[in-house]
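Observations on chain architecture
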Amino acid sequence: MKKISFILFLISINLLNSQTINGIVKDSTTGENIAFANIVLKNGKGTYSSEFGIFELELMNINTDTLKISTLGYESKTLTFIDFKNLTKLEVLLNPKIESLDEVLISSKKIKYNDRVILGEKRRKH
């Protein structure tokens, strides 16, 4: 009987020390939900948002936990416990990340080669 009481006591302590945070990840400019964004705690535990941008994550140490939310095409955002301790549902707005690519040159000019290499042998064109 004492073992069962002790186990129940440990489970209740664990439940009291944890908190579940619910939230949604959105684009800051359009307001659209962002699907499959990564939500990671400082200790490495994490989840990802659903196809509708909704996530749920259990925080073990609510005083020191830090959330990092990231996804491709958006700037990452880091939130400390102070930022979301009084919220029942967290709304995370991510800013789009603008990246530019290097210039690509396309030409219609055909390049002629004098030497042909087949299976490692060098042969002259006749």
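Scroll up to find the structure this text is about.
All figures in this text were calculated on a predicted structure; none of them were measured in a lab. (Residues numbered from 1 in each chain as written. Predicted model: local features only at pLDDT ≥ 70, side-chain atom pairs only at ≥ 80, totals over all residues. Heavy atoms only, no water.)

Turning next to the sheet that holds strand S4 (residues 54–59). Within a sheet, neighbouring strands are paired by backbone hydrogen bonds and run either parallel or antiparallel to one another. In space, the three strands of this open sheet follow the order S4-S1-S7, with mixed pairing throughout. Both outer strands of the open sheet, S4 and strand S7 (89–94), are each paired with one neighbouring strand and no more. Across this sheet, the average inter-strand angle for adjacent strands is 30 degrees, counted without regard to direction. Where strand S1 (residues 19–27) and S7 come together, six bridges link them in parallel fashion. The residue of S7 that forms the bridge with Asn22 is Lys89. (Pairing = 2+ DSSP bridges. Helix = DSSP H or I, 4+ residues; strand = E, 2+ residues; numbered from the N terminus. Axes fitted to C-alpha atoms, helices over the stretch in contact; angles between N-to-C directions.)

All right, on to the sheet that holds strand S6 (residues 77–80) then. Strand order in the open sheet made by the four strands is S3-S2-S5-S6, with antiparallel pairing throughout. At either end of the open sheet lies a strand with only one pairing partner, and these are strand S3 (46–48) and S6. The average undirected angle you get between the axes of adjacent strands in this sheet is 15 degrees. Bridge count between strand S5 (residues 66–70) and S6: four bridges; the pairing is antiparallel. Within the sheet, the bridge partner assigned to Ile69 lies in S6 and is Lys77.

None of the figures reported here should be taken as evidence of function without further support.
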